Amino acid sequence: MAISQPTVALATATGIIATDTDARRLSIAHQAAAIVQRDRGRMDAALSHGLQALRFARRIDPERQGDVLATLAVVLFFAGRTAQALARFEEAVRLTPAAQLPRLFHRRGLVLWNLSRYTDALDDLSRAVDGSHRLGDILWEGRALNGRCTVHLSLGDVDAAQADAARAGELLTSVGQDYEAAQALHNQAVSAHQRGDLPQSLALWDRVTERYEALGNVSPELYIDHGHALLTAGLIDEAQRLCEAGLEKERSPVRRAELLLFLAQVALTRGDSESAESRADAAARLFRSQLRPGWVDRARLLRLRAQHLADHPELQPWSLEDRDRPERSRRAQAARNARLLRDAHELVESMRASHALELPVALVLQGRIANDSGDAELARSSLAAAALTRRSGPPLSRAAGWLAAALLASQDGDGRALYSACRRGLDAVDEHRAVLGDFELRALASGHGIELARLAVSAAVRAGRPRELWWWAERWRASALNAAFTRPDDPVLRTEVAALRDVTRRLDSLADDDPTGSNLLAERARLEASIRRAHRRLRAEGSEGFGLPPGLDLPTVMDELGDAVLLTFVNDRDDLHLVTVRDGRVRHHRIGSSSAAEREADFARFALRRAASGRLVDLTATAARLESALLGPHSSALRGLVEGGDRPAVVVPPAGLLTAPWGLLPLFAGVNLTVSPSVTQWLKARRALRTRANGHVALVTGPGLSTREAEVTRLSPVHRGALVLPAEKATVAAALEALDGAGLAHVAAHGTFRADAPLFSSLQLADGPLTVHDLEGLRHTPRSIILSACDSGGAAPIGPHEALGLVSALLGMGASDVLASVVPVNDHATLSVMADVHAVAGRGGTLSEGWLAARTAAQGDLLRAATAASFTSWGA
């Protein structure tokens, strides 16, 4: 009961201690209280009860003494008194009869595991499993299997760990130990994570959390183990919140040290090298005092990684822009490199001696530091040793090994080997992503391949080979959208999406000072979190049949382009490059600063917002500045490339420039322009456009537009027989029915872009917001979609290669082309722009052709021109 029902056990024990005089009963009561207080982190109380239990046990017999000594040893260990704990175990072994030794071995094995003495721990726990089984002791056999599972995980034997956890769960459930059965499920979640099955791991973590909370007893390991899965998924904020909550509750010095180390890992992942270093230092001090050398090495590794990251901020995988390196004199930097190299060498030797699983990470780090220090031989040997992991283990471990091989090839100047290693490494990350059915998780997973992509792009830039640069720029761009779309089929999820819509509608109708607002905000946050968790459990369904392998098939792209011109923009650190493709010829142009281009795009969007509100804006000057930032000194040459508008153009920007107002550039005046997140996505959309049959036309109006029904009323005669939903009838359910399978869908509604949660971006309809999660319920996504809502084309960059929003989600769901605005637009000016677009679409033209007609017709009218430039045509 001390483990499965700790509150009841403690109350019962307290009653016995207060009223009983029998030494055996008092010894057992104090022992149970020691276990409960230990697990609650109240180490002083746990030690006091443990010593009292031992005092009474000495009056009984050696067997009772041995059992209490084993419990006291565990308490001493978690109190940070490791030497005393091991001494108590030795004393317990001498006193314990053979029939009770399996229980002792189980407890000692867990302490040895915490000390990173994995071989000794495996021996003890295997003896505990076998001995308990022979004795028919089901409870302790289940406990020992659970313990041995953790050791197998530490040794990288995931299959053995999974088998032990599954069997432990069966045994512990059979004897009513619900809490320990939940711990077995916890271990299965860790096994799934180590195996690389992230959706299964996240699904299991949801179940584990529910079980712990239902039992009113949360395992301290939950915060760290679940946190690691969240970090792998790229969910950094969630991982941090989870472990900060654990640190606030946890009192055990042992667990607090582990939580501090994990928070250092979170800070490092975020790119906060200063916080990562200080937390790793604090954790290392605690581990040293607890005599836990393996954990000290983990903390030293994290500290060293933080110090190296401070010198190389560009290595932060999820950063959107490079941070400045610290300024040091050449002598100071050389001294720092020498010190870091000494620390790295000592750490690698220590990890080699202990056979630490983190050794490959330490070897890569030593190779990087050695390279900084000019020790080419040590750098080469370290990276070669780390690269040995590239052919075995789960996908992300193999990707790390291929990264080491790529760094080694870069040092050797072997371009062919570098490209091969980068290609194989990205293939491994693709394997990791292949099971993810959620857009957000797939986008975040790109972070695991960013450095491989950067290495290859930089090598292609240095080599001056435009075709290679084009291929590598595309290899890792917007790849979250390239996988098959997984449509959720979960009635509970549909109910929660509907509930979220109702809560959001009620929130929007409240006055600012309404006291019920805080409760509704909390409920909205709860529902959004639950919907996100449900999506993370989705598994990808496989290929959609477009036959698009990773990377570009250059001849196929050139055939598909025909007489169109392709302009692919590429980031190499903060340098912006442009690759153009026309008539089979590929050229490379150096543009300038990526960050400067992003700032100018921000300014251009700001100018368009001002114009929408009736402010006077110099649109010509804004356009010229934007073009200068995006095209550098090549505007004139590129104007010849598009031949004054005679050739269509396809622009493929990096994530940070995806929502730049590309239609504002003078280069594209008179040009049939399409923007796409990637060339692969453009190919996919083009093929879908050819294969999709023409469906019906759906015209939907949302509430609250200043133009009321005028927009759709003007469009109805263009599309005779169109399915029209006026504002009062345009509920989410009715709109989804109208949109399903449409050849052309037009939604005139206010939009909300959620940068914090792009897949909750929405369009306002009669009964509340229509979100991406509602659109996932469509059996057939509309082929062509026009969103005349404000800001409906917004996208949030997730790393340098991915961006998510309403438009990117629709493209990922199979839409061929989408016309949407990247800033709020003027409702009245939008009427004219939409009339021009539909005049072309009604004759069978594409959305990009309609957008061109609208931009052309708007010339000379500032407000109308700004409104037309505020839209972008994405897709085919």
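Residues numbered from 1 in each chain as written. Predicted model: local features only at pLDDT ≥ 70, side-chain atom pairs only at ≥ 80, totals over all residues. Heavy atoms only, no water.

### Observations regarding the overall build of the chain
For step 1, the next point in the chain: If you tally the helices and strands in the chain, you get 38 helices and 16 strands.
For step 2, the next point in the chain: Its C-alpha atoms give the chain a radius of gyration of 31 Å, near enough to 29 Å, the size a compact globule of 876 residues would have.
For step 3, the next point in the chain: Along the first, second and third principal axes, the C-alpha atoms of the chain reach 100 × 65 × 45 Å.
For step 4, the next point in the chain: Taken across its 876 residues, the chain has 58% of its residues classed as buried.
For step 5, the next point in the chain: For the chain, contacts bridging at least 24 residues in sequence account for 70% of all contacts bridging at least 6.
For step 6, the next point in the chain: Surface summary for the chain: the accessible area is close to 34500 Å², and the carbon and sulfur share equals 50%. (Helix = DSSP H or I, 4+ residues; strand = E, 2+ residues; numbered from the N terminus. Rg over C-alpha atoms; globule rule 2.2 N^0.38 Å. Buried < 20%, exposed > 50% of the residue type's maximum accessible area, 1.4 Å probe, protein only. Contact = heavy atoms within 4.5 Å. Areas by Shrake-Rupley, 256 points an atom, 1.4 Å probe, with all protein chains shown as cover.)

### Digging into the pairing of strand 6 (residues 697–701)
For step 1, the next point in the chain: Most of strand 6 sits out of view: five of its five residues are buried.
For step 2, the next point in the chain: Bridge analysis of strand 6 against strand 8 (residues 744–748) gives five bridges, and the strand direction is parallel. Pairing of A698 across the sheet is with A745, part of strand 8.
For step 3, the next point in the chain: Bridging between strand 6 and strand 7 (residues 723–725) involves three bridges; their strand directions are parallel. Of the residues in strand 7, the one forming a bridge with V700 is L725. (Pairing = 2+ DSSP bridges.)

### Notes on the packing of aromatic side chains
For step 1, the next point in the chain: Under the criterion given, the structure shown has six aromatic pairs.
For step 2, the next point in the chain: In this structure an aromatic cluster arises from ring pairing among Y419, W471 and W472.
For step 3, the next point in the chain: The ring of W295 has R298 lying over it, and the distance from NZ or CZ to the ring centre is 4.3 Å.
For step 4, the next point in the chain: Across from the ring centre of W402, 5.2 Å away, lies the NZ or CZ of R390, which sits over that ring. (Phe/Tyr/Trp six-rings, centres within 6.5 Å; stacked < 30°, edge-to-face > 60°. Lys NZ or Arg CZ within 6 Å of the ring centre and 35° of its normal.)

### Thoughts on the side chain of R398
For step 1, the next point in the chain: Here R398 lies in helix 20 (residues 395–412).
For step 2, the next point in the chain: The residues touching R398, leaving out its near neighbours within four places in the chain, are T389, R390, R391, S392, G393, A428 and E431.

### Let's talk about the nonpolar core
In summary, soluble globular proteins display a tendency toward joint burial of nonpolar side chains.
For step 1, the next point in the chain: The biggest cluster of nonpolar side chains holds 95 residues, and the ones touching the most others in it are W662, F668, L775, L787 and V818.
For step 2, the next point in the chain: Membership of the second largest hydrophobic core comes to 70 residues, among which are A9, L198, A284 and A299. (Core = buried A, V, L, I, M, F, W, Y, C linked by side-chain atoms within 4.5 Å.)

### Re the sheet that holds strand 10 (residues 762–765)
For step 1, the next point in the chain: Spatially, the three strands line up as an open sheet ordered 9-10-11, and their pairing is antiparallel. Each edge of the open sheet carries a strand with a single partner, namely strand 9 (751–752) and strand 11 (768–771).
For step 2, the next point in the chain: Judged from the two bridges that link them, strand 9 and strand 10 form a sheet pairing that is antiparallel. Paired with G751 across the bridge in strand 10 is L763.
For step 3, the next point in the chain: Against the sheet, helix 25 (residues 491–509) contacts strand 10 and strand 11, and its axis sits at roughly 135° relative to strand 11. (Axes fitted to C-alpha atoms, helices over the stretch in contact; angles between N-to-C directions.)

### Side note on the confidence of the model for the chain
For step 1, the next point in the chain: Scored by pLDDT, the chain has a mean of 88; 95% of the residues are at 70 or more.
For step 2, the next point in the chain: Confidence over residues 318–322 falls short of pLDDT 50; this stretch has 19 contacts with residues more than four positions distant or in other chains.
For step 3, the next point in the chain: Per-residue pLDDT stays below 50 along residues 543–549; that stretch engages in 12 contacts with residues further than four places along the chain or on separate chains. (pLDDT = per-residue confidence, 0-100.)

### Quick word on the environment of A803
For step 1, the next point in the chain: Relative to the helices and strands, A803 is located in strand 14 (residues 802–804).
For step 2, the next point in the chain: Residue classification places A803 among the buried positions, given a relative accessible area of 9%.
For step 3, the next point in the chain: Residues A803 and G656, 147 residues apart in the sequence, show an inter-C-alpha distance of 7.9 Å.

### So, the packing of helix 20 against helix 23 (residues 450–463)
For step 1, the next point in the chain: The contact between helix 20 and helix 23 brings their axes to 10 Å, and the two run at 25°. Relative to helix 23, helix 20 is oriented roughly parallel. Regarding helix 20 and helix 23, the two cross each other, and that crossing is left-handed. Judged by residue contacts, A399, W402, L403, A406, L407 and S410 of helix 20 engage E451, L452, L455 and R462 from helix 23. (Parallel < 35°, antiparallel > 145°, perpendicular 65-115°, else oblique. Left-handed = near helix turned anticlockwise from the far one by under 90°.)

### With respect to unusual backbone geometry
For step 1, the next point in the chain: Notably, H355 is not glycine yet its phi reads approximately 55°, a positive angle.
For step 2, the next point in the chain: The class of H355 is exposed, set by a relative accessible area of 67%.
For step 3, the next point in the chain: Located in the positive-phi region is R573, a residue other than glycine, with phi close to 60°.

### So, helix 26 (residues 517–536)
Since one α-helical turn is 3.6 residues long, residues separated by three or four positions face the same way.
For step 1, the next point in the chain: For helix 26, built from 20 residues, the straight-helix expectation of 28 Å at 1.5 Å per residue is met to within 8% by its first-to-last C-alpha distance of 29 Å.
For step 2, the next point in the chain: For helix 26, the set of buried residues is G517, L520, L527, E528, S530, I531, A534, H535 and R536. (Expected span 1.5 Å × (residues − 1).)

### Description of the pattern of salt bridges
For step 1, the next point in the chain: Tallied over the full model, the rule gives 44 salt bridges.
For step 2, the next point in the chain: Note that R352 and E349 form a salt bridge whose closest N and O atoms lie 3.0 Å from each other. Separated by three residues within a single helix, R352 and E349 lie in helix 17 (residues 330–354), roughly one turn from each other.
For step 3, the next point in the chain: Residue D502 pairs with R506 through a salt bridge whose shortest N-O separation is 3.5 Å. Pair noted here: D502 and R506 are both in helix 25, with a separation of four residues, about one helical turn.
For step 4, the next point in the chain: On the accessibility criterion, D502 (28% relative accessible area) is partly exposed.
For step 5, the next point in the chain: R506 sits in the partly exposed class, given a relative accessible area of 37%.
For step 6, the next point in the chain: By sharing partners, the salt bridges in this structure join E90, R108, D124 and R127 into a single network. (Salt bridge = Lys/Arg side-chain N within 4 Å of Asp/Glu carboxyl O.)

### So, helix 17
For step 1, the next point in the chain: Relative to the 36 Å expected for 25 residues at 1.5 Å per residue, helix 17 spans 36 Å between its end C-alpha atoms, a close match to the ideal helical length.
For step 2, the next point in the chain: By the burial criterion, the buried members of helix 17 are R336, N337, L340, L341, A344, L347, V348 and M351.
For step 3, the next point in the chain: Against the buried residues of helix 17 lie helix 16 (293–311), helix 18 (359–373) and helix 19 (376–386).
For step 4, the next point in the chain: Note on helix 17: the residue one or two positions beyond its end, H355, has a positive phi of about 55°.

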